[in-house]
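Inside the fold
The lines below spell out each chain.
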Amino acid sequence: MIDLRSDTVTRPTPAMRRAMAEAEVGDDVYGEDPTVNQLEERAAEIFEKEAALFVPTGSMGNQIAIKLHTRPGSEVIIEERGHIFNYEMAAMAVISGALARPVRSRDASGHLAWDEIAAALHVGGPYYLAPTRLVALENTHNLAGGTVMPRAQMEDICRRAHALGIAVHLDGARIFNAAVALDERVAALAGPADSVMFCLSKGLGAPVGSMLLGSADFIREARAVRKLLGGGMRQAGVLAAAALIALEESPPRLYEDHLKARRLAEALAQMRGVRLDLTRVVTNIVICDVSETKQGAEAICARLRERGVLASNFGQQIRFVTHYDVSHEEIERAIIAFKEALD
Ligand SMILES: *Cc1c(COP(=O)(O)O)cnc(C)c1O
């Protein structure tokens, strides 16, 4: 199967398997796992943040950050298609007692500009409005098609939010992809945010895990919330060993995933009835709209599956995510399969 449903399907490389087998471990709830400690130090160094925390999932990392940045009865501004709003159940309501205030970006990139955020803020207003405590940004923006938020926009939003006493959390599940596409360092993109989460288990290829980063105080509290949520892991060094390899070795080859996505997008864009905005395909995600084919995205995905290709459908859209476990040659086969699925 050529699995283009997500970059989470990547399997650990032989080097990761070896490192996992040989990892030095201890009990991380006691802070005694040397490999986890090394991973946290290395991630903090790369992101130029004071501290980092290894968490089982990106969702947990995001939710820990929300818990720390908000109070029950406060609001979190987020783009309407954001992962935190759509794919983390109602976690911020359940865990933090916070209310998401979704704002639809007017830009097709899915990234909010400050004026759009400002229009939804509650600061210093009447007491019966729930105060805004947090702005949650996403780079790359998954549901908008892996689009990137440039550094200047990120800096502008953070500066203005901070001036109003509002924190900014960056859901950087694919921040390394954004850094490649923008030719920036991840530290520069994440720098102005109070906290950032990134996934090791997606395009970076680690089997499990994400990192949450921020100030030393923030991460000290985050460690307690991780435990509260049941995320205190013991000999997690087995996982951190693979993650360390992912962190060092994967970022330099992400551009390959972007080339594959580009090739796929250019081929799909030429097929009849397929609508796709090529300007938005800058990382490893390709989303196309197939409503004009009158065949239904679900039916097309079913026919793709019969031809050995897996993709995801949302409404009349189909999403493909490229990664290192799909070769250039398999992308060519996926293109042929798509053509056949439409005919
Ligand atoms: C995958 C993803 C997450 C976290 O997902 P988990 O499956 O919980 O690790 C968060 N944000 C975005 C944008 C994602 O794509």
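Residues numbered from 1 in each chain as written. Predicted model: local features only at pLDDT ≥ 70, side-chain atom pairs only at ≥ 80, totals over all residues. Heavy atoms only, no water.

**Observations concerning the overall build of the protein**
Check the secondary structure of the protein and you find 14 helices and twelve strands. By principal-axis analysis of the C-alpha atoms, the protein measures approximately 55 × 55 × 35 Å. Expressed as a percentage of its 343 residues, the buried residues of the protein come to 56%. Counted over contacts in the protein with a minimum sequence separation of 6, partners at least 24 positions apart contribute 74%. When the accessible surface of the protein is totalled, it reaches about 14,600 Å², and 51% of it is carbon and sulfur. (Helix = DSSP H or I, 4+ residues; strand = E, 2+ residues; numbered from the N terminus. Buried < 20%, exposed > 50% of the residue type's maximum accessible area, 1.4 Å probe, protein only. Contact = heavy atoms within 4.5 Å. Areas by Shrake-Rupley, 256 points an atom, 1.4 Å probe, with all protein chains shown as cover.)

**Description of the site of the ligand**
Around the ligand, the surrounding shell holds 13 residues, and the nearest of these are Gly58, Ser59, Asp171, Arg174 and Lys202. Contacts to the ligand include Arg174, whose side-chain N or O atom sits 3.0 Å from an oxygen atom. When isolated, the ligand has an accessible area of 380 Å², and the protein chains bury 84% of it. Of the residues forming the shell around the ligand, the biggest block, three residues, is contributed by helix H3 (residues 58-69). (Near = heavy atom within 4 Å. Polar contact = N/O pair within 3.5 Å; in protein donor to acceptor, adjacent residues only side chain to side chain.)

**Section: the packing of helix H2 (residues 34-47) against helix H11 (residues 237-249)**
Relative to each other, H2 and H11 sit at 30°, their axes nearing to 8 Å. Compared by their axis directions, H2 and H11 come out roughly parallel. Once H2 is placed against H11, the crossing between them reads as left-handed. From H2, Thr35, Val36, Gln38, Leu39, Arg42, Ala43 and Ile46 reach across to H11, where they touch Gly237, Ala240, Ala241, Ala243, Leu244, Leu247 and Glu248. In terms of residue class, the contact of H2 with H11 is built from nine nonpolar, three polar and two charged. (Axes fitted to C-alpha atoms, helices over the stretch in contact; angles between N-to-C directions. Parallel < 35°, antiparallel > 145°, perpendicular 65-115°, else oblique. Left-handed = near helix turned anticlockwise from the far one by under 90°. Nonpolar A, V, L, I, M, F, W, Y, C, P; charged D, E, K, R; others polar.)

**Topic: empty space enclosed by the protein**
Using the criterion set out here, one finds three cavities of 30 Å³ or more in the structure. In this model, the largest cavity occupies a volume close to 70 Å³. Ile78, Glu79, Gly82, Gly110, His111, Leu112, Ala136, Leu137, Glu138, His141 and Met149 are the residues that line the largest cavity. Secondary-structure elements contributing two or more residues to the lining of the largest cavity are strand S3 (75-79) and strand S5 (132-138). (1 Å grid on protein atoms, 1.4 Å probe; cavity = no way out; pocket = protein on both sides within 12 Å on 5 of 7 lines; lining within 4 Å. Points joined across faces, edges and corners; volume = space filled by probe spheres on them.)

**Brief notes about the side chain of Arg319**
Note that Arg319 resides in strand S12 (residues 317-321). Within the buried set, Arg319 has no salt-bridge partner at all; the shortest N-O distance to an opposite charge, 6.3 Å, is to Asp7. Within polar-contact distance, the side chain of Arg319 engages the side chain of Asn142 at 2.7 Å. Among all residues touching Arg319, those that are not within four sequence positions of it are Leu4, Arg5, Ser6, Asn142, Ile285, Val286, Ile287, Ala311, Ser312 and Phe314. (Lys, Arg positive; Asp, Glu negative; His and termini not counted. Salt bridge = Lys/Arg side-chain N within 4 Å of Asp/Glu carboxyl O.)

**Some remarks on the layout of surface pockets**
Looking at the largest pocket, its volume works out to about 170 Å³. Along the wall of the largest pocket there are 13 residues; nearest its centre are Leu276, Asp277, Arg280, Ile287 and Gln317. Looking at the lining of the largest pocket element by element, the count peaks at five residues for strand S9 (residues 285-289). Here the lining of the largest pocket is composed, by residue class, of seven nonpolar, two polar and four charged.

**Here's the deal with the domain arrangement of the protein**
Taken domain by domain, the protein consists of domain 1 (8-249) and domain 2 (253-342). At the interface, 24 residues of domain 1 touch 15 residues of domain 2. Both sides of the domain 1 and domain 2 interface together cover about 1,700 Å² of buried area, and 56% of this is carbon and sulfur. Our count for the contact surface shared by domain 1 and domain 2 stands at zero salt bridges. Applying the counting criterion to the domain 1 and domain 2 interface returns eight residue pairs in polar contact (both at pLDDT 80 or more). Among the elements that line the side of domain 1 that touches domain 2, the one with the most residues is helix H8 (residues 175-182), at four residues. Of the residues in the side of domain 1 that touches domain 2, the class split is eleven nonpolar, ten polar and three charged. (Domains from an automatic or database assignment. Buried area = accessible area lost by both parts, 1.4 Å probe.)

**Points about the pairing of S3**
Where a strand is regular, its side chains alternate between the two sheet faces. Most of S3 is tucked away: five of the five residues are buried. What you see with S3 is no split at all: Glu75, Ile77 and Glu79 on one side and Val76 and Ile78 on the other are buried throughout. When S3 meets strand S4 (residues 99-103), the two strands line up parallel, connected through five bridges. In the strand pairing of S4, Ile78 is matched with Pro102. Pairing of S3 with S5 involves four bridges; the strand directions are parallel. Opposite Glu75, over in S5, you have Thr132 as the bridge partner. (Pairing = 2+ DSSP bridges.)

**Examining the sheet that holds S3**
The strand order across the open sheet formed by seven strands is S2-S8-S7-S6-S5-S3-S4, and the pairing between neighbours is mixed. Each edge of the open sheet is held by one strand with a lone partner, namely strand S2 (51-55) and S4. Taking the axes of each pair of neighbouring strands and ignoring which way they run, one obtains an average angle of 20° across the sheet. The sheet contacts of H3 involve S2, S3, S5, strand S6 (167-171), strand S7 (195-199) and strand S8 (210-214), and relative to S7 the element is tilted by about 170°. Packed on one face of the sheet, helix H7 (residues 151-163) meets S5 and S6 and runs near 150° to S6.

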